[in-house]
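Chain by chain, the residues run as shown.
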Amino acid sequence: MTERARDTLAERLEAVQDGISNAARDAGRSTEDISTIVVTKFHPASLVRELVALGVRDFGESRHQEARSKVAELSDLDVTWHFVGQVQSKKARQVAQYSQVIHSVDRAPLVNALASQDGSVDCFLQINLTGNPSRGGVAPDELEQLASRALVTPGINVLGVMAIAPLEENPRSAFARVRESSDQLQTLIPDARWISAGMSSDYREAIMEGATHLRIGTAITGNRPQAG
Ligand SMILES: *Cc1c(COP(=O)(O)O)cnc(C)c1O
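This is a predicted model, so every value here is computed, not measured. (Residues numbered from 1 in each chain as written. Predicted model: local features only at pLDDT ≥ 70, side-chain atom pairs only at ≥ 80, totals over all residues. Heavy atoms only, no water.)

1. Details of the overall build of the protein chain
In terms of helices and strands, the protein chain carries nine helices and eight strands. A compact globule built from 228 residues would reach a C-alpha radius of gyration of about 17 Å, and the protein chain, at 17 Å, matches this within 12%. The C-alpha extent of the protein chain, read off along each of the three principal axes, is 50 × 40 × 30 Å. Counting over 228 residues, the protein chain shows a buried share of 50%. (Helix = DSSP H or I, 4+ residues; strand = E, 2+ residues; numbered from the N terminus. Rg over C-alpha atoms; globule rule 2.2 N^0.38 Å. Buried < 20%, exposed > 50% of the residue type's maximum accessible area, 1.4 Å probe, protein only.)

If you want it as structure tokens, here you go:
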């Protein structure tokens, strides 16, 4: 792939789609079992419209205020919004109002905060692979307890597990641990078999370890306007 060939949004999207197809083939999986969520944080609403014109239907955002105003501005579009950033418990009900899927449910107070919203929201339980409790996610050995709580909480539909590979670890081995957590979750909630993992730099490894929902930003959008 030459630099020239990656110049436009359409070309970057196509390059990533090719990369996903290749990884799926190498993993012996079907691309139909793999969804791509394009993470558009820090980018303007106009970029989302360009991506919709290219066929993208799933979008990810990670900051509540930015996400809320972008979703409102784009309310005419028939797309699915995924919230992938950390959620403050007191903002949880608002996030659930404009997001169809929340990927970052990681603690009991957040589960409780989501319980009282109207209707039901699809959620992933985020696992912290770093061992540093200040990062988002529940420790793997506390996943079962959190899942049990979510299971008995009305208004929450658990889809599976979500994780971000730590910078200091080989992504393949990190995602292998995510797969173990996924297996563990399914012993409690058999339908919760989806895995949200894989970003611009490691989606291939995530696909190898069973990821079903990729969250890809810069490889498709180009660099974000501000550091983030
Ligand atoms: C920003 C972000 C992504 C996308 O990251 P890229 O490296 O730009 O692909 C994925 N997941 C989460 C939780 C993010 O915050």
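2. Describing helix H3 (residues 64–73)
Within H3, the full set of buried residues consists of His64, Glu66, Ala67, Lys70 and Val71. With its buried residues spanning 160 degrees around the axis, H3 presents them on a single face. Pointing more than 90 degrees away from the buried face of H3 are the exposed residues Gln65, Ala72 and Glu73. The elements touched by buried residues of H3 are helix H2 (45–53), strand S2 (58–61), strand S3 (80–83) and helix H4 (92–98). (Arc of directions from axis to C-beta. Contact = heavy atoms within 4.5 Å.)

3. Examining the site of the ligand
Around the ligand, the surrounding shell consists of Val39, Lys41, Val84, Ile164, Met199, Ser200, Arg215, Ile216, Gly217, Thr218 and Arg224. The backbone of Thr218 places a nitrogen or oxygen atom 2.9 Å from an oxygen atom of the ligand. Within the contact set of the ligand, an oxygen atom lies 2.8 Å away from a side-chain nitrogen or oxygen of Arg224. With the chains in place, 88% of the 390 Å² that the ligand exposes on its own is no longer accessible. Here the residues of the shell around the ligand sort into five nonpolar, three polar and three charged. (Near = heavy atom within 4 Å. Polar contact = N/O pair within 3.5 Å; in protein donor to acceptor, adjacent residues only side chain to side chain. Areas by Shrake-Rupley, 256 points an atom, 1.4 Å probe, with all protein chains shown as cover. Nonpolar A, V, L, I, M, F, W, Y, C, P; charged D, E, K, R; others polar.)

4. Focus: the pairing of strand S5 (residues 121–127)
The buried count for S5 comes to six of seven residues, which makes it a mostly enclosed element. Of the strand pairs in this sheet, strand S4 (residues 101–105) and S5 are connected by three bridges, and their pairing is parallel. Bridge pairing links Val101 to Asp122 in S5. As judged from the seven bridges shared by S5 and strand S6 (residues 156–163), these two strands associate in the parallel manner. Of the residues in S6, the one forming a bridge with Cys123 is Val158. The β-α-β motif built from S5, the intervening helix H6 (residues 143–151) and the parallel element S6 has right-handed crossover chirality. (Pairing = 2+ DSSP bridges. Right-handed = clockwise from strand over helix to strand, strands pointing away.)

5. Focus on helix H7 (residues 171–188)
When the terminal C-alpha atoms of H7 are compared, their 26 Å separation across 18 residues agrees well with the 26 Å that a helix rising 1.5 Å per residue should span. Along its buried surface, H7 packs onto S5, H6, S6, strand S7 (194–196) and helix H8 (203–208). (Expected span 1.5 Å × (residues − 1).)

6. Section: the pattern of salt bridges
Considering all chains together, one arrives at nine salt bridges under this definition. For Arg25, the salt bridge goes to Asp26, with nearest N and O atoms at 3.5 Å. On the basis of relative accessibility, which here comes to 56%, the residue Arg25 falls in the exposed class. The closest approach of N and O atoms between Asp76 and Arg49, which form a salt bridge, is 3.0 Å. Here the residue Asp76 occupies a position in the loop between H3 and S3, and Arg49 occupies one in helix H2, the gap between them amounting to 27 residues. You can call Asp76 exposed: its relative accessible area is 55%. Bridged by salt links that share partners, the residues Arg25, Asp26 and Arg204 form one connected network. (Salt bridge = Lys/Arg side-chain N within 4 Å of Asp/Glu carboxyl O.)

7. Some remarks on the packing of H6 against H7
One can describe the packing of H6 onto H7 by two numbers: an axis separation of 10 Å at closest approach and a directional angle of 40 degrees. Relative to H7, the element H6 lies oblique. You can see that H6 and H7 cross each other, and the crossing is right-handed. From H6, Leu143, Glu144, Ala147, Ser148 and Leu151 reach across to H7, where they touch Ser181, Gln184, Leu185 and Leu188. Considered class by class, the residues forming the contact of H6 with H7 number five nonpolar, three polar and one charged. (Axes fitted to C-alpha atoms, helices over the stretch in contact; angles between N-to-C directions. Parallel < 35°, antiparallel > 145°, perpendicular 65-115°, else oblique. Left-handed = near helix turned anticlockwise from the far one by under 90°.)

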